[in-house]
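The chain contents come next:
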Amino acid sequence: MSALYLIVTIAGQRVALPAATVESVVEIDEVEPVPLVASHVAGLFALRSRVMTVIDSNASVGAAPFDRSGHAEAVIVNCDGHGYAILVENVDDVIEPLAGVVQSRAVLSPGWARVALGTIEIDGEALLVVDPEALVSGQQLVAAA
Amino acid sequence: MDDLLVDFITETRETLETLSSEIVAWESSPSDRTRLDSIFRFVHTVKGSCGFLNLPRLEKLSHAAEDVLADCRAERRKPDAALVTAVLLVIDRISEVTNALESGESVPDHDDAVLIAALAPGGGVEVVAVEEEVAPSAVVANTAQKGMSRSIRLPVDLLDRMMAGVSDMVLARNDLSRRLRDSGGEPIIDAAFERLSVCIAEMRDSITRTRMARIENLFSALPRMVRDLTAELGKQVTLEIDGGDVELDREMIEMIRDPLTHIVRNAIDHGIEMPDERLKAGKSPTGRLRVSARQAGNQIVIEAIDDGRGINADKLVEKAIANGMLTEEKAATMSLQNKLHLIFAAGLSTAKAVTSVSGRGVGMDVVRANVERIGGLVDIDSKLGQGLRLSLKVPLTLTIIPALTVSAGGTHFAIPRSAIEELVRVSSGSAHLGELGGAKMVNIRGRRLPVVMLANFLKLNSTCADSELTMVVLKPAGGDHYALAVDAVHDHEELVVKPAAPALMATGIYAGTTLPDNSHPMLLLDPAGIAQSAHIIGEAGNIEDIEPETAIAVDECAPTLLFRDLDGAERAIRLDLVERIEEIPASAVSHIAGRMRVSYDERIIPLMSCGVPSQQDRYRILRMTDGLHSIVYAISEVIDIVAMDFTCERALAPGLIAGVALIDGRPVELIDTFWLFSEAAREAVGPAHPPLCLLTDADDPWSRQVLLPLLRTAGYRVTFSGAEDADDADVAIAIGDGLADLNSESAAVRTIRLSTDPEQQGGDTIYRYDRDALLDALNASAKHKRRAA
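Remember, predicted model here, so these are calculated numbers, not experimental data.

**Q** I tried to follow the overall build of chain A on my own but got confused; where do I start?
**A** The helix and strand tally for chain A stands at three helices and 10 strands. Sequence-ordered secondary structure for chain A, helices as α and strands as β, is β-β-β-β-β-α-β-β-β-α-β-β-α. The 145 residues of chain A split such that 39% are buried.

**Q** What am I meant to see in helix α22 (residues 673-681) of chain B here?
**A** For an α-helix, 3.6 residues make a turn, and residues three or four places apart therefore share a direction. Residues and elements named next belong to chain B. Taken as a whole, α22 has its buried residues at Leu-676, Phe-677 and Ala-680. Each buried residue of α22 sits inside an arc of 90 degrees when the element is viewed along its axis, so together they form one side. Looking at the buried side of α22, the elements it contacts are β24 (603-608), β26 (630-635) and β30 (666-671).

**Q** Would you mind showing me how to read unusual backbone geometry here?
**A** Peptide bonds are mostly trans, and most non-glycine residues show a negative phi. At Ala-11 of chain A, a residue that is not glycine, the phi angle is positive and equals roughly 45 degrees. Looking at the element boundaries, Ala-11 of chain A is found in the loop between β1 (5-10) and β2 (13-18). Backbone geometry places Lys-459 of chain B, a non-glycine residue, at a positive phi of 55 degrees. Summarising the element assignment, Lys-459 of chain B is placed in the loop between α18 (454-457) and β14 (470-474).

**Q** Hey, could you run me through helix α9 (residues 187-211) of chain B in this one?
**A** Over its 25 residues, α9 of chain B extends 37 Å from the first C-alpha to the last, a length consistent with the 36 Å expected when each residue adds 1.5 Å. Of all 25 residues making up α9 of chain B, only one are buried, and the element is barely covered by its neighbours.

**Q** Looking at this structure, I do not really get the sheet that holds strand β6 (residues 72-79) of chain A. What am I missing?
**A** In a beta sheet, neighbouring strands are held together by backbone hydrogen bonds and run either parallel or antiparallel to one another. Residue and element names in this part refer to chain A. Read from one edge of the open sheet, five strands run β3-β6-β7-β5-β4, paired in mixed fashion. Two strands close off the open sheet at either side, each with one partner strand: β3 (22-28) and β4 (41-47). In this sheet, adjacent strand axes meet at a mean angle of 35 degrees when their direction is disregarded. In this sheet, strand β7 (residues 82-88) lies alongside strand β5 (residues 50-56) in parallel orientation, the contact comprising four bridges.

**Q** Before we go on, may I ask you to explain the interface of chain B and chain A in this structure?
**A** Buried accessible area, meaning the area lost when the parts come together, often serves as the stated size of an interface. At the interface, 21 residues of chain B touch 20 residues of chain A. Only α8 (156-182) and α19 (502-505) of chain B provide two or more residues apiece to the side of chain B that touches chain A. At four residues, the largest contribution of residues to the side of chain B that touches chain A is made by α8 of chain B. Considering only residue class, the side of chain B that touches chain A consists of 12 nonpolar, six polar and three charged.

**Q** Would you take a moment to explain the sheet that holds strand β10 (residues 420-425) of chain B for this structure?
**A** Residue and element names in this part refer to chain B. Reading across from one edge, β10-β14-β15-β13-β12-β11 is the order of the six strands in this open sheet, with mixed pairing throughout. Each edge of the open sheet carries a strand with a single partner, namely β10 and β11 (431-436). Between one strand and the next, the sheet's axes are offset by a mean angle of 35 degrees, whatever the strand orientation.

**Q** Please explain the confidence of the model for chain B as it appears in this structure.
**A** Detailed conclusions should not be drawn from predicted coordinates in areas where pLDDT is low. Residue and element names in this part refer to chain B. Looking at chain B as a whole, its pLDDT mean stands at 75, while 81% of the residues score no less than 70. At the low end of the mean pLDDT range in chain B sits helix α21 (residues 543-556), at 35; at the high end sits strand β15 (residues 482-486), at 91. Below a pLDDT of 50 lies the segment residues 124-147, which in the model reaches 39 contacts outside its immediate sequence neighbourhood of four places, other chains included. This model gives residues 352-361 a pLDDT under 50, and the stretch forms 26 contacts once residues within four places in sequence are excluded.

**Q** What am I meant to see in the environment of Gln-295 of chain B here?
**A** All names here are of chain B. Along the chain, Gln-295 turns up in strand β4 (residues 287-296). Since 16 C-beta atoms lie within 10 Å of it, Gln-295 is described here as partly exposed. Counting along the chain gives 98 residues from Gln-295 to Lys-393, while the straight-line C-alpha distance between them is 9.5 Å. Setting aside anything within four residues of it in sequence, one finds Gln-295 in contact with Val-246 and Ile-300.

What counts and what doesn't
- Counting of residues starts from 1 at the beginning of each chain's written sequence and follows it residue by residue.
- Lettering of chains starts at A and numbering of ligands starts at 1, both following the order in which they are written.
- Reporting in this predicted model follows two pLDDT cut-offs: at least 70 for local features of residues, and 80 or more for side-chain atom pairs to be given and counted; totals over whole chains, interfaces and linings ignore these cut-offs and use all residues.
- Numbered from the N terminus, helices here are DSSP runs of H or I no shorter than four residues, and strands are runs of E no shorter than two.
- Exposure classes come from backbone-placed C-beta atoms, where a residue is buried if 20 or more other C-beta atoms lie within 10 Å of its own, exposed if 12 or fewer do, and partly exposed in between.
- The arc refers to the directions leading from the helix axis to the C-beta atoms.
- Here, residue contact means that the backbone-derived C-beta atoms of the two residues sit within 7 Å.
- Here the expected span of a helix is defined as 1.5 Å times the quantity of residues minus one.
- Note: two strands are recorded as paired if DSSP finds a minimum of 2 bridges between them.
- In this analysis an axis means a line fitted to C-alpha atoms, helices contributing only their contacting stretch, and an angle means the value between N-to-C directions, from 0 to 180 degrees.
- Charged means Asp, Glu, Lys or Arg here, nonpolar means Ala, Val, Leu, Ile, Met, Phe, Trp, Tyr, Cys or Pro, and polar covers whatever is left, Gly included.
- The pLDDT value tells you how sure the predictor is about a given residue, anywhere from 0 up to 100.

Here is the structure:
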């Protein structure tokens, strides 16, 4: 169980994304808005010739959406053949935890519970492992399924 | 057939690869329903394929496993360890036999029966002994020993990367082009740049094509399958296939293969009745199954229509209630369409008996799962006792579609060109925007259309005044006209459209995303989706009121393509006649059989032009059709698309040019499309009833080999004396001295005698190689007969 995790900050919390799912980390500036779409979709962004759907991870976990001004860092993931750029507040580090993912015993808020895969422990700190696919699908879709 | 077998082997092996982990997982928790379902589907598919590939051994194995698994699904049996092991052994054997099929080796089959027997309840004891030699992990090992493959299979991912690379290249090219323009052109650099552009365009084209394939590939397997199935079931079915030349992404074709197979199999097994049953129902004993593909907007629609018994929706509901999938209260409120959709629920089938072909209630759920996975839709329409129509609508990924870019509230959008009927500026005076009970309506030359204000609809802030708006009149496929009010219209562009993320598609108003040359992503609007979500009401109710006006409006003003012809003149042609504007390689054009022709899509189409295309590598052509015949017209370049009023100064004599009209103050010649088509059709059309020419001497080799071809080319039908239609002949030709028996044949017909001696001419006798005299005489005689009649 020595998978790598990317530590990022979403809605003020440090969380871990399974590094295997992450294609790259990019800085994005201009996001083309998409009208009438679910709130966790911030818009579209061109990564070279690919069109990425930009995901507001804060909105996806039920927090206040990003303040979209200036540059932001985004994690590029691929789900079901579609490219997504997940906006995050901060990208910290890639780490390899000593132990594997364990189920969290804390009672999470619904927004977090939806995206959490469990927790890992790094330097004595427990971090939520977040499922990028759940971030991308957003709350509405899960409710509908 | 060989291809089908190879397909089967590859497919089975691929499924086995993905299934191997499922199998192991199922072993550890035999009650896991989803694992059970996927293993069941696998053996079901194998069984089905073996059925029509005639692989009895595999069929027997898979059928046995399927029976047991079906029992587990129906909870008639509990999957215990012995059963799981037995099923795994059978799957292992399937994998061994499949590998052996490919390498041509044989696998001893003496213990097949043992494997099958082990599946029976209580048959586990024997299995334990066998288990020692073939552990479940052997599945993985076996699949690793692959034999030789005769084709290269490329991961689609790699093609995607190539495509992305080319798209990047196009963007870089565009950027460079802008910079070159800004810095002022230097001819040498421009020429080099031009060459680069051509190379990039060609490469982009060919890479796009690597992903595209004709749907024929999919359809070609159907006739054989239908034949085998009908033979097995004792039914009679004629299969009609249409639209094989529709091109589709290769990956899509693979994804539709299974669903289509299931659908066709179901149609024949359950849909179409036995011949005597059909007769009783007053239908022809031979059932009809029609499989067709066509492109509709940004979708490919594949339909399978049969004239069988259809689906009994009430039976379906009964069954669903019995299965506990549905409550009676809920059933009572369901529409017919919803009831029919129950067929897609797992584990439901209306077939009374389980046959070896289908009827276990799998298939339709698999069909839907597969089609939905690629962003498609399955639709069903059934008339009890009359037939069933199943349509698969799948998106065209990675297609280049012509689109119009517009903007509203500062955001750019693309609209598929195919849905646009015309553009009208409010400021031009021909469109009047008004309100009707709070809803916007626009009156365009007397035709009232509902309006969707794009900016308001999308909740964008637009500062554009009503008088500045442009109305895009849309006619979505399968919908009704409406006008979309946009702030500005920008450009016609060819865009590479990719499917948008599910969250975007969920809005129902977008058809995909695209990246235009300026590298700002843009959304492609779905005109039908917008109409639906803006609640545009169909015009069916008031169609009579507006139809005549519309007709006039169309007549007066129609979208017109302005282009530069080969001789440099600016000409115009009605856009609705033009099917495509495209470039063809010069090698496709040749001067054969008296005129310029293009070989195109494996057909030969007449090429019309006002001159010889200049010596270039590629010709730009307009492809037009009158519904029956296609022609292409070579042009130099496209200038613009305008709405044009077709009143013009007539040309003096009929010809290529119908007349001349003023467009923006310039005189522009209008192409006479009637003349164009009639000119192209001239050779194809003979007299309505070609005269029948009787040859009196059927045995004469000269008549058959030399004369007959000449007559046929000259437009005559030919018959021989003694044939059934000999009495209807319009004119007869006798060779040499065959006079005596001629008179008895038919006196009303004039007879031309052909002589081998040039000296013997005169009267009705003509030297046989005097072509002109012979044709004249034939013509005269045929006319004479017609007058007499």
